[in-house]
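Listed below, chain by chain, are the residues.
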Amino acid sequence: QSLPQQKLLTWLSVLECVEVFAEMGTARVWGEMGRWTIIVLIQLAKAILRLLLLLWYKAGIQTSPPIVPLNREQQQPLHSQDMEDGNSSGKDQTYVGKRSSRVVRSLQSTPSLQSRHWGSPQQREESQSRRAEEMNQPPTPLGLQETIAESMYITRPLLHLLSLGVWGQRSWKPWLLSAVLDISSLSLLSDLKDLNRRERAELRRRTILLLYYLLRSPFYDRYSEGRILLLLRLLADYVPGVGFVTRKWPLLLYSLFCWVERNHPTGWL
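Rules used throughout
Residues numbered from 1 in each chain as written. Predicted model: local features only at pLDDT ≥ 70, side-chain atom pairs only at ≥ 80, totals over all residues. Heavy atoms only, no water. Helix = DSSP H or I, 4+ residues; strand = E, 2+ residues; numbered from the N terminus. Buried < 20%, exposed > 50% of the residue type's maximum accessible area, 1.4 Å probe, protein only. Contact = heavy atoms within 4.5 Å. Expected span 1.5 Å × (residues − 1). Bend = angle between axes of the 7 residues up to and from the residue. Salt bridge = Lys/Arg side-chain N within 4 Å of Asp/Glu carboxyl O. Axes fitted to C-alpha atoms, helices over the stretch in contact; angles between N-to-C directions. Parallel < 35°, antiparallel > 145°, perpendicular 65-115°, else oblique. Nonpolar A, V, L, I, M, F, W, Y, C, P; charged D, E, K, R; others polar. Left-handed = near helix turned anticlockwise from the far one by under 90°. Patch = residues over 30% accessible without salt bridge, like charges linked within 9 Å, V, L, I, M, F, W, Y side chains within 5 Å. Areas by Shrake-Rupley, 256 points an atom, 1.4 Å probe, with all protein chains shown as cover. Polar contact = N/O pair within 3.5 Å; in protein donor to acceptor, adjacent residues only side chain to side chain.

Quick word on the overall build of the protein
Then step 1. Helices and strands together make up the secondary structure of the protein, namely 9 helices and 2 strands.
Then step 2. Element order for the protein, N to C, with α for helix and β for strand: α-α-β-β-α-α-α-α-α-α-α.
Then step 3. Counting every position in the protein, which comprises 269 residues, the buried fraction comes to 35%.
Then step 4. If you take every contact in the protein between residues at least 6 apart in sequence, the share linking residues at least 24 apart comes to 70%.

Take a look at the structure:
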């Protein structure tokens, strides 16, 4: 990745980390109008950055979070192995049994207990090279159809906010518009072949997130709420030990969910 692309990814990650804090802080200081203003500005900035990555830098399917977190458990053995390689100073790393032909690690190249790998050195090298290859895979090139689908997914928060301003928070139209854009984007992207592991994981994440539409107003108020409360009552009556939790906490959990859903619409976005 080029340096400007890395900077765009960094700023996008910062916005995703601070957007809820900015929304709550602005609502406390400037009230409801300031809160909606900061929501629109943040979502507009995120959409612009993502469109630049998609159209100018050809970043392909963009993941959330934009910068893949560092897996320190996988990086530690790599660093430890490099240290061991430097300290071995040319000594043999492996020993081959004369009768069994089994390859084992020599005592001189044994790493510390924390970073010890119980497989053979060949297996270790293969797994390390495979991880490095997966991390360095370039994004899958997108055609016109896939670019439109990814653009729909990127602009969906802005269209959802616009529909909320036009039809109100209690209308079904913003809910339907957001669902149609999400499903259409996934349908168009499903034709892509030879995706790398990171992109396949992102599409699976987006598919699972469709279940959240069952817990969003107005669908939740009309259909899901009664069925969830009925399920909690059945668990309390017929499952031993569950009744204490389900009778004690449903009202609290329900109130918390309604407060988050109605007061922090960035969960939608």
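Considering helix 1 (residues 3-55)
Then step 1. With 53 residues, helix 1 extends just 17 Å between its outermost C-alpha atoms, more than 12% less than the 78 Å of an ideal straight helix rising 1.5 Å per residue.
Then step 2. Taking the largest bend as the criterion, helix 1 deviates by roughly 145°, centred on Trp-30.

Some thoughts on unusual backbone geometry
Then step 1. Cis geometry marks the peptide bond from Ser-64 to Pro-65; its omega dihedral reads 5°.
Then step 2. With respect to the element layout, Pro-65 can be found in the loop between helix 1 and helix 2 (72-88).
Then step 3. Going from Ser-217 to Pro-218, the amide bond is cis rather than trans, its omega being 5°.
Then step 4. You can see Pro-218 is positioned in the loop between helix 6 (197-209) and helix 7 (219-238).
Then step 5. One non-glycine residue, Lys-58, adopts positive backbone phi at about 55°.
Then step 6. Among the structural elements, Lys-58 can be located in the loop between helix 1 and helix 2.

A word on the pattern of salt bridges
Then step 1. Enumeration according to the criterion identifies 9 salt bridges in this entry.
Then step 2. A salt bridge links Arg-35 to Glu-32; the shortest N-O distance between them is 2.5 Å. With Arg-35 and Glu-32 both in helix 1 and 3 residues apart, the pair spans about one turn of that helix.
Then step 3. On the basis of relative accessibility, which here comes to 5%, the residue Arg-35 falls in the buried class.

A few points about the environment of Gln-6
Then step 1. Looking at the element boundaries, Gln-6 is found in helix 1.
Then step 2. For Gln-6, a relative accessible area of 37% puts it in the partly exposed group.
Then step 3. Gln-6 sits 60 residues away from Pro-66 along the chain, and the two C-alpha atoms are 10.0 Å apart.

Some words on the packing of helix 1 against helix 4 (residues 144-167)
Then step 1. Their axes nearest at 10 Å, the elements helix 1 and helix 4 cross at an angle of 170°. Regarding the angle of helix 1 to helix 4, the classification is roughly antiparallel. Contacts from Trp-36, Ile-39, Val-40, Gln-43, Leu-44, Ala-47, Arg-50, Leu-51, Leu-54 and Leu-55 in helix 1 reach Thr-147, Glu-150, Ser-151, Ile-154, Thr-155, Pro-157, Leu-158, Leu-161 and Leu-164 in helix 4.
Then step 2. Grouping the amino acids of the contact of helix 1 with helix 4 by side-chain chemistry returns 13 nonpolar, 4 polar and 2 charged.

Here we look at the packing of helix 5 (residues 172-189) against helix 6
Describing two packed helices takes the angle between their axes plus the distance from one axis to the other.
Then step 1. It is at 11 Å that the axes of helix 5 and helix 6 come closest, and there the two elements cross at 150°. It follows that helix 5 is roughly antiparallel to helix 6 by the angle criterion. In this structure, helix 5 meets helix 6 at a crossing whose hand is left-handed. Contacts from Ser-185, Leu-186 and Leu-189 in helix 5 reach Leu-203, Arg-206 and Thr-207 in helix 6.

What to know about the environment of Lys-193
Then step 1. As for its position among the elements, Lys-193 is in the loop between helix 5 and helix 6.
Then step 2. Its relative accessible area of 61% is what places Lys-193 among the exposed residues.

Quick notes on a nonpolar patch on the surface
Then step 1. Together, Leu-230, Leu-231, Leu-234, Leu-235, Tyr-238 and Val-239 make up an exposed nonpolar region whose accessible area comes to about 560 Å².
Then step 2. With respect to the helices, strands and loops of the structure, Leu-231 is situated in helix 7.

A look at the side chain of Glu-150
Then step 1. Here Glu-150 is to be found in helix 4.
Then step 2. Looking at Glu-150, the relative accessible area reads 1%, which means it is buried.
Then step 3. A distance of 3.3 Å separates the side chain of Glu-150 from the backbone nitrogen of Gln-62, its partner in a polar contact.
Then step 4. Ignoring sequence-local partners within four residues, the contact set of Glu-150 consists of Leu-54, Gly-60, Ile-61, Gln-62, Leu-142, Ser-185, Leu-189 and Arg-206.

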